[in-house]
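Results of the structural survey
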Amino acid sequence: MRRNDREIRDFTEIVEVIKKCDVCRIALHDAGYPYMIPLNFGMKTEGEQITLYFHGAGEGKKLELIRQDNRASFEMDCSHELIVDKEGCRCTMGYESVVGRGRMEIVEGEEKQEALRALMRQYHEGEFPFRQEVAERTTVMKLTVEEVTGKRHRK
């Protein structure tokens, strides 16, 4: 990382940034080009292992690409704030971000149920009931994070 002074090194702080974010962008391999897509997500941590969960339809380009090559990169950011130095005629952007990579796979059974609960916890406090027939039609993917870095810039 070029700006070491902005790096977030503490795992707990990285997790706190993830909790503030509302979109996770994943990049998949598509015939020599990245295929990037913004997704809603949920998160689970065990020790210092992060697992991200996503949901979607049972078919489409995203699933085709995951089946061909399950390696993925991800990015999420939050806390955006324009920082203006009127005297120096300069401006910059305040932010917090997390970038990483790992491997994607489809989940089923009880793990699928827990993943759907994790997705809802990201956006809704407390338990959120979902209809079982809708859950059965939903494809759930997980990204097991292998590498992660965080970065922050504030006033």
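Look above for the structure.
Just so it is clear, the structure is predicted and the values come from calculations on it, not from any experiment. (Residues numbered from 1 in each chain as written. Predicted model: local features only at pLDDT ≥ 70, side-chain atom pairs only at ≥ 80, totals over all residues. Heavy atoms only, no water.)

This part takes up a nonpolar patch on the surface. On the surface, Leu 82, Val 84 and Met 93 cluster together to form a nonpolar patch covering roughly 270 Å² of accessible area. Turning to its location among the elements, Leu 82 is positioned in strand 6 (residues 71–85). For Leu 82, a relative accessible area of 53% puts it in the exposed group. (Patch = residues over 30% accessible without salt bridge, like charges linked within 9 Å, V, L, I, M, F, W, Y side chains within 5 Å. Areas by Shrake-Rupley, 256 points an atom, 1.4 Å probe, with all protein chains shown as cover. Salt bridge = Lys/Arg side-chain N within 4 Å of Asp/Glu carboxyl O. Helix = DSSP H or I, 4+ residues; strand = E, 2+ residues; numbered from the N terminus. Buried < 20%, exposed > 50% of the residue type's maximum accessible area, 1.4 Å probe, protein only.)

Below, the discussion takes up the pattern of salt bridges. What the rule picks out here adds up to 17 salt bridges. Notably, a salt bridge pairs Asp 77 with Arg 25, separated by 3.4 Å at the nearest N-O pair. Remark: Arg 25 occurs in strand 2 (residues 24–30) and Asp 77 occurs in strand 6; sequence separation between them is 52 residues. On the accessibility criterion, Arg 25 (28% relative accessible area) is partly exposed. Arg 152 is the partner of Glu 96 in a salt bridge, and the nearest nitrogen-oxygen pair spans 3.0 Å. Pair noted here: Glu 96 is in strand 7 (residues 90–107) and Arg 152 is in strand 8 (residues 139–153), with a separation of 56 residues, a long-range link. Its relative accessible area of 2% is what places Glu 96 among the buried residues. Each member of the salt-bridge network shares a partner with another, and the members are Glu 13, Lys 20, Glu 96, Arg 152 and Arg 154.

Here the focus is the nonpolar core. Core analysis: the biggest nonpolar cluster contains 29 residues, and Ile 26, Leu 52, Phe 54, Phe 74, Met 76, Met 104 and Leu 143 have the highest contact counts within it. At the level of elements, helix 1 (11–20), strand 2, strand 3 (33–39), strand 5 (49–56), helix 2 (61–68), strand 6, strand 7 and strand 8 are the ones that each hand at least two residues to this core. Sequence-distant contacts of Leu 52, that is, excluding residues within four places in its chain, are made with Cys 24, Phe 41, Gly 42, Met 43, Phe 74, Met 76, Met 141, Lys 142, Leu 143 and Val 145. (Core = buried A, V, L, I, M, F, W, Y, C linked by side-chain atoms within 4.5 Å. Contact = heavy atoms within 4.5 Å.)

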